[in-house]
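Residue strings, one per chain:
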Amino acid sequence: MELIFTGVFFLLVFQRLFELYIAKKNEKWMKEQGAREVGKNHYKYIVLLHVFFLFAVAIEAILRGFTLSFVWSVMLFVFLSAQCLRVWTIRSLGRFWNTKIIVLQGAEVVKRGPYRFLKHPNYVFVALEILSLPLIFSSYFTAIVFTVLNAVILLKVRIPAEEKALKESTNYPVMFPNAGKE
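Residues numbered from 1 in each chain as written. Predicted model: local features only at pLDDT ≥ 70, side-chain atom pairs only at ≥ 80, totals over all residues. Heavy atoms only, no water.

## A closer look at helix H4 (residues 121–136)
The periodicity of an α-helix, 3.6 residues per turn, causes residues three or four places apart in sequence to face the same way. So the rule is basically this: We count a stretch as a helix when DSSP gives it H or I for four or more residues in a row; a strand needs E for two or more, and each element gets its number in order from the N terminus. Multiplying one less than the number of residues by 1.5 Å gives the expected span of a helix. Each residue gets one of three labels from its accessible area relative to the maximum for its type: buried under 20%, exposed over 50%, partly exposed in between, using a 1.4 Å probe on protein chains only. Residues are treated as being in contact if the distance between any of their heavy atoms lies within 4.5 Å.
The terminal C-alpha atoms of H4, which comprises 16 residues, lie 22 Å apart, in line with the 22 Å expected from a rise of 1.5 Å per residue. Of all 16 residues in H4, 12 are buried, a share of seventy percent or more. Check the buried side of H4 and you find it contacts helix H1 (2–32), helix H2 (40–63), helix H3 (72–93) and helix H5 (140–169).

The following block contains the structure:
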């Protein structure tokens, strides 16, 4: 099990580093087009959450002896599906995908790929990953703690900041334009 865990773990670390490379390249291009970054203050907490998540998964898996959970096969399927769906999301956004909130004034909102079905598919797929990876290796504490932390950061901070920036700069749809008006 150690070998499987190590392989999955380092594959995920490599994937994250590659995604940061893509994000940096996309950020450079978008800023050259006149885009602006929003939410700089909370970005560091998202990075810390993901770094500590990886450490927590590794530490708890080591402490538990790399044992597979009773739902490991289902969680492995969820985890691998989330990875594929994240790649679909990144490809769908193309140069507009980023780990930061970077918006380009007047840009058309992407409505292809998973964005046909969900407003924030990347966050859904990351949430599935944060829940499923620890549950493969019986890291129940990590699964619970980081799922809750991720949800709080996303629901309270990240998604509202991103939606506000998109509404101000793009053709992002306002779901209830007459809300609060009588």
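## Remarks on unusual backbone geometry
Even without a glycine there, the phi angle at Phe66 is positive, about 55 degrees. By the element assignment, Phe66 lies in the loop between H2 and H3. By relative accessible area, Phe66 is classed as buried at 11%. Despite not being glycine, Ser138 has its phi angle at roughly 60 degrees, a positive value. Tracing the backbone shows Ser138 in the loop between H4 and H5. Residue classification places Ser138 among the buried residues on the basis of a relative accessible area of 5%.

## Describing the environment of Ile101
Tracing the sequence through the fold places Ile101 in strand E2 (residues 101–103). Separated by 48 residues in the primary sequence, Ile101 and Leu149 place their C-alpha atoms 19 Å from one another. Contact partners of Ile101, with chain neighbours within four places excluded, come to Arg36, Glu37, Val38, His42, Arg158, Ala161, Glu162 and Ala165.

## Some details on the packing of aromatic side chains
We apply this condition: Stacked, edge-to-face and tilted labels apply to pairs of Phe, Tyr and Trp rings (six-membered ring for Trp) whose centres lie within 6.5 Å, assigned for plane angles under 30 degrees, over 60, and everything in between, in that order.
Summed over the entire model, instances satisfying the criterion amount to 8 aromatic pairs. Their ring planes at 90 degrees and their centres at 4.9 Å tell us that Phe5 and Phe137 sit as a pair that is edge-to-face. With Phe5 in helix H1 and Phe137 in the loop between H4 and H5, this residue pair connects regions lying 132 residues apart in the sequence. Plain terms: the ring middles of Phe53 and Phe146 are 5.8 Å apart, the flat faces sit at 65 degrees to each other, and that makes the pair edge-to-face. Taken as a pair, Phe53 in helix H2 and Phe146 in helix H5 lie far apart in primary sequence, 93 residues in all. Chaining the aromatic ring pairs together yields one cluster made of Phe5, Phe9, Phe10, Phe66 and Phe137.

## What to know about the packing of H1 against H2
Note the following rule: Whenever a helix is involved, its axis is fitted only over the stretch in contact; in every case the axis is a line through C-alpha atoms, and angles between N-to-C directions fall within 0 to 180 degrees. Any angle between 65 and 115 degrees counts as roughly perpendicular, while under 35 counts as roughly parallel, over 145 as roughly antiparallel, and the rest as oblique. What makes a crossing left-handed is the near helix being turned counterclockwise from the far one by less than a right angle; a clockwise turn instead makes it right-handed.
For the pair H1 and H2, the least separation of the axes is 11 Å and the interaxial angle reads 170 degrees. One way to sum up the angle between H1 and H2 is to call them roughly antiparallel. For the element pair H1 and H2, the recorded crossing hand is left-handed. Only Tyr43, His50, Leu54, Val57, Ala58 and Ala61 of H2 make contact with H1, whose side of the interface consists of Phe5, Phe9, Leu12, Val13, Arg16 and Leu20.

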